[in-house]
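Listed below, chain by chain, are the residues.
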Amino acid sequence: MKEQNSTAHHTSDFEINKLVVRRGQEFRIRVLLNHTLQCEDNLELQLSTGPKPNITNETLVNLYPREQQTGTKWSASIQEETGSEIIVAIKSPPNAIVGKYSLNVRNGNQQICNTEKSNFYLLFNPWCKEDAVFMPNEEERTEYILNDSGYVYMGDFRSIQEKPWNFGQFEKNVLNCCIFLLSRGMRKVSESGNPVMVTRAMSAMMSSQDDNGVLVGNWSGDYEGGISPYTWTGSAPILQQYHTTKQPVCFGQCWVFSGVLTTVLRALGIPARSVTTYQAAHDTEKNLTVDIYMDEKGKVSNMTNDSLWNFHVWTEAWMKRKDLPCGYDGWQVVDGTPQERSLGVYCCGPSPVIAIRKGDIFIGYDTKFIFSEVNADQITWAVKMVNGKKELKKIAVKTRNVGKRISTKAVGQDCRRDITNEYKFPEVMECTMTLDPDTYMKKVMLFGDVPAIKGTLVAEVLDSTLADSTEVFVHFKYPKISIEMPEKVKVRQPLTCTCTIQNDLGIPLTNARFSSESLSLSPRQNFKQGPVMAKETDVPPTSLSPRSTIPQE
C-alpha cells in the first residue's frame, strides 16, 4: 500500500521506508489480524503521537472502523476483508497534529494484529484546500514543496551573485531529522499542527544558541574546527550530520541558516523559499533607524551598535494567518539566523510580508524588527570632542539606502525574481560611485571569505547644514564554471564529468580547491587543484557514481 499512498500524497520522492502521508487526505493500510474478524469483535484503531498521548489534546485518537463515527475529526472504515487481512481507509482532519504517529489495532483490551508498518509520518498538505498551508497554484506547489534544488543570492545589490543550493528535502535521513527537530522544538505537541507555531519553533531550532539547534553561527573568518559557511552547497549533509550526532554543525552564516530552514519547512509540507535582501539593516535599538557614528578622522566610532549588511538571507513560508485580522495570509518571513531574542528565544517570525509592506509593525511576530531590515532610515552622526565632551551632529539622513533588490528564485526557472515591491513601495534609484583601479587594488579586504573593496565617502558643504555620506562594496566575480556530462549513464556505474574553470582575472588564483556534490549522484568530493593561472582555463577531473535515477520531464 505504501506505493499507492506515496503517489497520492506526493511523498514518493522521500528516501525512507516509513509510510509518509499528508493530513486532510485519505490513506489506506493493510492490517493482518491474528484471526478472522468476527461479528462480535470490537475492532479499534489507536493512533498516538508525542511523549504522553491523551485524548484531551488530540495526541491520542481512537477509531472504530466497523461503526458509524460521529463527533470525531478522524475517520476510518474497512474497505476490503479477506480472511484475517483487512484494508482500512483512514482520513485525518486538515488541522491534525503533524509528526510521527504510532498505530495499534485492538479488540477490546487485546492487541490482535501486526500492521505493515507500526508507525508513520503525517505532514502538512498544501494540496488540501482546508489546510492552513494550502497553495492553489500547482506550479508554485511544485517549486516550493517538491523542488529539491535552487539558488540563494549573495554579493551586493550592484553585483548580485547566485549560489546554487541543494535543498535535498527528500534525501536519506533528512525527513527523520526534521521530525526530530519538530519533536524537540515544539513546547506543546498539540501545537504541532499550527504552521505559525511550527515555523517559529523551526526558526529557533536552526541555531545552537537555544536547545542545541542545527548550526553554529560564525562570522569571524576563522573556521578552524568546522567547515567554512562558503563551502556548504546544500542542506542535506548538514541535517544528516545533525541527525547522526545530535550536536550543532560548524559553521553557518545567513544563507546557510536560510537554506536549511527552507529544507526543513518543505520536508514538513510547508511551502517555503529563500529570500535575499540587499542593504539589510540590523537595528539593535529597535527605533527604526540605523545610526552610524563617525569620529573626527572619518572612521566608524565604537559608539555604533547598529549595522548595515551588504546582504541578508531569510526564509518565507506560505500559510493562512488565522491568528491575525483578515488580510495577512500568504508569505510570512521566518529567519533562522540568530540576531536578536524574541520573547526570550533566538528566533524571528513568522511576520506577514503584507504587514511589512504596509508598515503594520505590531502585526505578527517580530514585524517591527523585519520592517527595519528593509525600511530603516540610515542616519550618520559626526562625533566631535568639544571641551572634553562628545557632541553629536547629524550629518546625513538616508531614507532609501536600506532594503534593495529583494530577490528569490523564479518559479520553474533557474533565474532571479525581484520581489522588492512585495516588501515596500517603489523608491527612486540612487546614483553609483566609480573608483579608479589604482585607488583600490592595494586595499582589497576580505568580507568573510569573499575578497571585496569598500569605499566610504563623507561630504559636507561648508557654512551650511547640508551633508551626506555613502558606502560602496564591490565584490570580485567568481571564475566561470561549466559542467559537461554524458547523455546516458547507468546507475551505480562510474561516469566522468568535465568541469571547466575559466580565470578571467589578470592575476593567478592560488591554492585553488574544488568540490562537487549532486543529489542522487554523489556525496561531496573535494579536489586540490593548485593555481589557476591568469587568463587560463583549467579542467579538474570529476568522477561520480549515480545512486539512483532522477525523473525527467
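Report follows, based on the coordinates. The structure displayed is predicted, hence computed values, not measured ones. (Residues numbered from 1 in each chain as written. Predicted model: local features only at pLDDT ≥ 70, side-chain atom pairs only at ≥ 80, totals over all residues. Heavy atoms only, no water.)

Let's talk about the overall build of the protein
Applicable threshold: Only DSSP runs of H or I covering at least 4 residues are called helices, and only runs of E covering at least 2 are called strands; the numbering of each starts at the N terminus. When accessible area is computed with a 1.4 Å probe and restricted to protein chains, residues below 20% of their type maximum are described as buried, those above 50% as exposed, and intermediate ones as partly exposed. Whether two residues are in contact is decided by their heavy atoms: any pair within 4.5 Å suffices.
When helices and strands are tallied, the protein shows 10 helices and 34 strands. Burial analysis of the protein (553 residues in total) assigns 48% to the buried set. In the protein, 63% of the contacts between residues at least 6 apart in sequence involve partners at least 24 apart.

Notes on the packing of aromatic side chains
The geometry of an aromatic ring pair comes down to the distance between the two centres and the angle between the two planes. Definition in use: Between 30 and 60 degrees the pair is tilted, below 30 it is stacked and above 60 it is edge-to-face, where a pair is any two Phe, Tyr or Trp rings, Trp via its six-membered ring, whose centres lie within 6.5 Å.
Scanning the entire structure with this criterion turns up 15 aromatic pairs. Ring centres of Phe-180 and Tyr-242 lie 6.3 Å apart, and the angle between their planes is 55 degrees; on these two criteria the pair is classed as tilted. Residue Phe-180 is found in helix α3 (residues 174–185), and its partner Tyr-242 is found in helix α5 (residues 236–245); the two are separated by 62 residues along the sequence. Owing to a relative accessible area of 0%, Tyr-242 belongs among the buried residues under this scheme. Ring geometry for Trp-314 against Tyr-423: centres 5.9 Å apart, planes inclined by 40 degrees, an arrangement best described as tilted.

Considering the environment of Lys-322
With respect to the helices and strands, Lys-322 occurs in the loop between β17 (307–319) and β18 (330–335). The spatial distance from the C-alpha of Lys-322 to the C-alpha of Ala-132 is 8.2 Å, given a sequence separation of 190 residues.

Observations regarding the sheet that holds strand β16 (residues 289–294)
Here is the rule: In this analysis, strands are considered paired if DSSP registers two or more bridges between them. Angular values range over 0 to 180 degrees, each being the angle between N-to-C directions of two axes fitted as lines to C-alpha atoms, with helices fitted over their stretch in contact.
Taken in spatial order, the three strands of this open sheet run β16-β22-β23, and their pairing is mixed. Every interior strand has two partners, whereas the edge strands, β16 and β23 (389–398), have only one. For this sheet the average axis-to-axis angle between neighbouring strands, irrespective of direction, equals 30 degrees. One ladder, built from nine bridges, connects strand β22 (residues 377–386) with β23; its direction is antiparallel. Directly across from Trp-381, in β23, lies its bridge partner Lys-394.

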